[in-house]
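Listed below are the residues making up each chain.
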Amino acid sequence: MPKDMDKIVALCKRRGFIFQDSEIYGGLNGFWDYGPLGTDLKRNVRNVWWEDMIGRHDPLDPPENAPASFHMVGVETTIIMHPQVWKVSGHYDLFVDKMVDCKECKARFRADHVNVAVLVANFPDDPSAGKQAIACESFMPDAATGMGLSNSKAKKLDQALLAFGKDKSSKPVGDVVVMSYLDFLVRQEAEGQNLKASCPTCGGELTTPRDFNLMFKTIIGALGTEEDAAYLRPETAQGIFVNFKNVCDSSRVKLPLGICQVGKSFRNEITPRNFTFRSREFEQMEIEFFCHPSESPKWYDYWRARRYQWYQDLGIAKENLILREHHKDELAHYSCGTADIEYAFPFMSAGEYGELEGVAHRGDFDLRSHMEGKLKNENGELVVELDAKGQPRHRGSGKDLSYFDDSTRERFIPHVIEPSAGADRATLAFICEAYAEDEAPDDKGNMQVRTLMRFHPRLAPVKAAVFPLVKKDGQPEKAKEIYRALKNAGIAVQYDEQAAIGKRYRRQDEIGTPWCITVDPETMSEGTVTIRDRDSLEQVRIPAGEVVDEISRRLRG
RNA sequence: GCGGGAGUAACUCAGUUGGUAGAGUGUCUGCCUUCCAAGCAGAAUGUCGCCGGUUCGAGUCCGGUCUCCCGCUCCA
């Protein structure tokens, strides 16, 4: 049974997990706030990630399934960086997409995605007639066949050719040339022609291409002008790349080496939607893993498997999670391989998944870019992109970012494997996965619907709650004692003496507290308390003095 | 950005032809003392998304705007 996203969103608000940003002013599209429980939950997601990737990492011996031992360290870099970073990384050019709209059907396309088939006619019997572009049809490339020009449109081109040749003595021959809409416009301009490409779907008139800046622009300096434009980072990765040399020079680390960072990133998503899934301000948890080029495929495999497993270890059911290898033509121009870890969010249709994390094999693209300048893919080779004067389009730092391996006396530019996870998306996935409704008996033994969040104990915002069964006979005092002992041990715990015991259990179920500890008459006589399990509803009795140890033990797994 | 739907208490929603707002849940306070929400009693809470217009009077009609949901588009 699919989960109801509306109910999940309602619970998130009702219990203080996630609020719409600036809600009292009507909200702000694409921005979300975390309430008290959501803040703890998301912090747990971040902390568990940091702990598992760095804190608990053992650099002395190879971890399970790893090709070799390796180092993992962290950095924290700024949201605003030198503007040249984004020019070199390609974001400046790529994030400023040219978009065209259809004035008729209102469809919007990326201008470089619209293809135009131009019919160029010539008269083989009459060379003096020259070549002329006489007709065009626009179409969207069909991913399946690679041939998006429909038969009807091809026929129209044929007819145009026939009509063109009608009053000529010799027969025209036509060549169909396919180009992007942007190239088409450039050629029309250059050749002084005025063919008009129309909407690929409805044939309506298209607007001229307009800029869409997907990076947030800002100004540095109180008196800053457009000259001082800077950008909020669209990814945390670049802060790692530009510090690669600093980290190597300062940290007594060797390759293979992972440098990790958690932090906010910003993208002007065109259509923010689906709760927090596509937000304009979001948090990333990224690893840039640097290794020898010859070892990179092994590390790519390692990180894909390890990161896929990580979500499962924290409670995401395997049937809701896929590891999807990108198809070749889906790869970014720099990537030698990318796999997405995707989750079957309730708001997606059956069989569809939303990306939680991308694990990309980036080769030496990033370090080379920051050395040499913005790179482009030319016939499978990454080369520095040049401007009209033959200079680099965007100049690199000129610094040598290669790595010298002392043991092999070899110098090389490391390859990078990038597991890049979304903290908000992971948090949302954990929320969706945790949401459950089951049936539990009420005090009369009738089955009632119970709403609960089955958070993994490491992620649960509240780990335990302590109740007195009744508000008398010294039970509240005893319960508070246990509550404080847990607090002092650094365990997130709540105390509740309000209303019937069953109601208190349900309250904790709804926020995903794994364990409830209840003080009852037997506590007063025998010194034992019950620990009730959220998922099984089972209770076990242990000495009150062992509660802190027992909960700590359970939290360690 | 387009098309469709929606916005009323913290949540889910009702609100008849325009006559100055209700229910359930939740929250809080007592009582009860009982191990899985619905025993009893009581209380608080809304400029009906926002702005403007029509009207003697607008939650209700009109215009604009913001936000959410669905579809399209987009998602290096």
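Cut-offs used in this document
- Residues numbered from 1 in each chain as written.
- Chains lettered and ligands numbered in written order.
- Predicted model: local features only at pLDDT ≥ 70, side-chain atom pairs only at ≥ 80, totals over all residues.
- Heavy atoms only, no water.
- Helix = DSSP H or I, 4+ residues; strand = E, 2+ residues; numbered from the N terminus.
- Buried < 20%, exposed > 50% of the residue type's maximum accessible area, 1.4 Å probe, protein only.
- Areas by Shrake-Rupley, 256 points an atom, 1.4 Å probe, with all protein chains shown as cover.
- Contact = heavy atoms within 4.5 Å.
- Pairing = 2+ DSSP bridges.
- Axes fitted to C-alpha atoms, helices over the stretch in contact; angles between N-to-C directions.
- Phe/Tyr/Trp six-rings, centres within 6.5 Å; stacked < 30°, edge-to-face > 60°.
- Lys NZ or Arg CZ within 6 Å of the ring centre and 35° of its normal.
- Core = buried A, V, L, I, M, F, W, Y, C linked by side-chain atoms within 4.5 Å.
- Domains from an automatic or database assignment.
- Salt bridge = Lys/Arg side-chain N within 4 Å of Asp/Glu carboxyl O.
- Polar contact = N/O pair within 3.5 Å; in protein donor to acceptor, adjacent residues only side chain to side chain.
- Parallel < 35°, antiparallel > 145°, perpendicular 65-115°, else oblique.
- Left-handed = near helix turned anticlockwise from the far one by under 90°.
- Nonpolar A, V, L, I, M, F, W, Y, C, P; charged D, E, K, R; others polar.

1. Notes on the overall build of chain A
Turning to step 1, where the next piece is worked out: Of regular secondary structure, chain A possesses 15 helices and 28 strands.
Turning to step 2, where the next piece is worked out: In terms of overall dimensions, chain A has C-alpha extents of about 115 × 65 × 50 Å along its principal axes.
Turning to step 3, where the next piece is worked out: By residue count, 47% of the 557 residues in chain A fall in the buried class.
Turning to step 4, where the next piece is worked out: With an accessible surface of roughly 28100 Å², chain A has 49% of that area assigned to carbon and sulfur atoms.

2. Thoughts on helix H15 (residues 547-556)
Residues spaced three or four apart along an α-helix point in a common direction, a consequence of the helix completing one turn every 3.6 residues.
Turning to step 1, where the next piece is worked out: Three or more residues of H15 are buried, namely Val-547, Glu-550, Ile-551, Ser-552 and Leu-555.
Turning to step 2, where the next piece is worked out: Buried residues in H15 make contact with helix H12 (475-488), strand E26 (515-519), strand E27 (528-533) and strand E28 (539-543).
Turning to step 3, where the next piece is worked out: At the C-terminal side of H15, Gly-557 shows a positive phi close to 85°.

3. Details of the sheet that holds E28
Turning to step 1, where the next piece is worked out: One open sheet accounts for five strands, arranged E25-E24-E26-E27-E28; its pairing is mixed. Among the strands making up the open sheet, the edge pair consists of strand E25 (493-495) and E28. Strand-to-strand twist in this sheet, taken as the mean axis angle between neighbours without regard to direction, amounts to 25°.
Turning to step 2, where the next piece is worked out: Two elements, E26 and E27, share four bridges in a ladder whose sense is antiparallel. Residue pairing across strands places Thr-518 opposite Thr-530, the latter belonging to E27.

4. Here's the deal with the packing of aromatic side chains
Turning to step 1, where the next piece is worked out: In the structure shown here, the tally under the stated rule is 25 aromatic pairs.
Turning to step 2, where the next piece is worked out: Geometrically, the ring pair formed by Phe-289 and Trp-299 is tilted, given 4.6 Å between the ring centres and 45° between the ring planes. Taken together, the residues span a long stretch of sequence, with Phe-289 in strand E13 (residues 281-291) and Trp-299 in helix H9 (residues 296-313) at a distance of ten residues.
Turning to step 3, where the next piece is worked out: One aromatic cluster is present, built from ring pairs that chain together Phe-70, Phe-289, Trp-299, Tyr-302 and Trp-303.
Turning to step 4, where the next piece is worked out: A cation sits over an aromatic face here: Arg-425 above Phe-277, 3.8 Å from the ring centre.

5. What about the nonpolar core?
Turning to step 1, where the next piece is worked out: One finds Trp-303 and Tyr-311 to be the most contacted residues of the largest nonpolar core, which totals 59 residues.
Turning to step 2, where the next piece is worked out: Both domains that meet at this core, namely domain 1 (5-94 + 217-429) and domain 3 (448-556), each give it at least three residues.
Turning to step 3, where the next piece is worked out: Every residue in contact with Trp-303, bar those within four places of it in the chain, is listed here: Met-53, Phe-70, Met-72, Ile-287, Phe-289, Val-359, Ile-417 and Pro-419.
Turning to step 4, where the next piece is worked out: Counting 19 residues, the second-largest nonpolar core is a separate cluster that includes Val-75, Cys-248, Met-371 and Val-416.

6. So, the pattern of salt bridges
Turning to step 1, where the next piece is worked out: Applying the stated criterion to the full structure yields 38 salt bridges.
Turning to step 2, where the next piece is worked out: Put simply, Lys-42 and Asp-424 hold a salt bridge, and the shortest N to O gap is 3.0 Å. Placement of Lys-42 in helix H2 (residues 36-55) and of Asp-424 in helix H11 (residues 423-434) is noted, with a sequence separation of 382 residues between them.
Turning to step 3, where the next piece is worked out: Assessed through its relative accessible area of 8%, Asp-424 is described here as buried.
Turning to step 4, where the next piece is worked out: Between Glu-550 and Arg-553 there is a salt bridge whose closest N-O contact spans 2.8 Å. Residue Glu-550 and its partner Arg-553 are located together in helix H15, separated by three residues, close to a single helical turn.
Turning to step 5, where the next piece is worked out: Judged by relative accessible area, Glu-550 falls into the buried class, the value being 15%.
Turning to step 6, where the next piece is worked out: Salt bridges sharing partners connect three or more residues here, namely Asp-438, Arg-450, Arg-454, Asp-509, Arg-532, Arg-534 and Asp-535.

7. Observations concerning the environment of Arg-267
Turning to step 1, where the next piece is worked out: Position of Arg-267 among the secondary structure elements: in the loop between strand E12 (257-266) and E13.
Turning to step 2, where the next piece is worked out: With 35 residues separating them in the primary sequence, Arg-267 and Leu-232 have C-alpha atoms 8.4 Å apart.
Turning to step 3, where the next piece is worked out: Only 2.9 Å separates the side chain of Arg-267 from the backbone oxygen of Pro-234, close enough to count as a polar contact.

8. Some words on the sheet that holds E12
Turning to step 1, where the next piece is worked out: What the seven strands build is an open sheet, ordered E3-E12-E13-E21-E16-E15-E14; its pairing is mixed. Among the strands making up the open sheet, the edge pair consists of strand E3 (71-74) and strand E14 (321-325). Mean inter-strand twist for the sheet, computed between neighbouring axes without regard to direction, equals 20°.
Turning to step 2, where the next piece is worked out: Of the pairings in the sheet, the one linking E13 to strand E21 (residues 415-422) comprises six bridges and is antiparallel in character. Following the sheet pairing, Phe-289 is matched in E21 by Ile-417.

9. Some thoughts on the packing of H12 against H15
Turning to step 1, where the next piece is worked out: Taken N-terminus to C-terminus, the directions of H12 and H15 make an angle of 45°; their axes are 9 Å apart at the nearest point. With respect to H15, the axis of H12 lies oblique. As H12 packs across H15, the resulting crossing turns out to be right-handed. The residues of H15 that touch H12, namely those facing Ile-482, Ala-485 and Leu-486, are Val-547, Val-548 and Ile-551.
Turning to step 2, where the next piece is worked out: In terms of residue class, the contact of H12 with H15 is made up of six nonpolar, no polar and no charged.

10. Quick notes on unusual backbone geometry
Turning to step 1, where the next piece is worked out: Note the cis peptide between Leu-255 and Pro-256, where omega equals -5°.
Turning to step 2, where the next piece is worked out: Mapped onto the secondary structure, Pro-256 falls in the loop between helix H8 (244-250) and E12.
Turning to step 3, where the next piece is worked out: Here Ser-22, not a glycine, exhibits a phi torsion of approximately 50°, which is positive.
Turning to step 4, where the next piece is worked out: Mapped onto the secondary structure, Ser-22 falls in the loop between strand E1 (18-20) and strand E2 (32-34).
Turning to step 5, where the next piece is worked out: Using a relative accessible area of 32% as the deciding quantity, one classes Ser-22 as partly exposed.
Turning to step 6, where the next piece is worked out: A positive phi angle is found at Arg-409, which is not glycine, with a value near 55°.
Turning to step 7, where the next piece is worked out: Classification of Arg-409 as exposed rests on a relative accessible area of 62%.

11. Describing the pairing of strand E7 (residues 132-139)
Turning to step 1, where the next piece is worked out: Across the eight residues that make up E7, a large majority, seven, are buried.
Turning to step 2, where the next piece is worked out: Here strand E6 (residues 115-122) pairs with E7 via seven bridges, running antiparallel. Across the sheet, Val-118 pairs through a bridge with Cys-136, a residue of E7.

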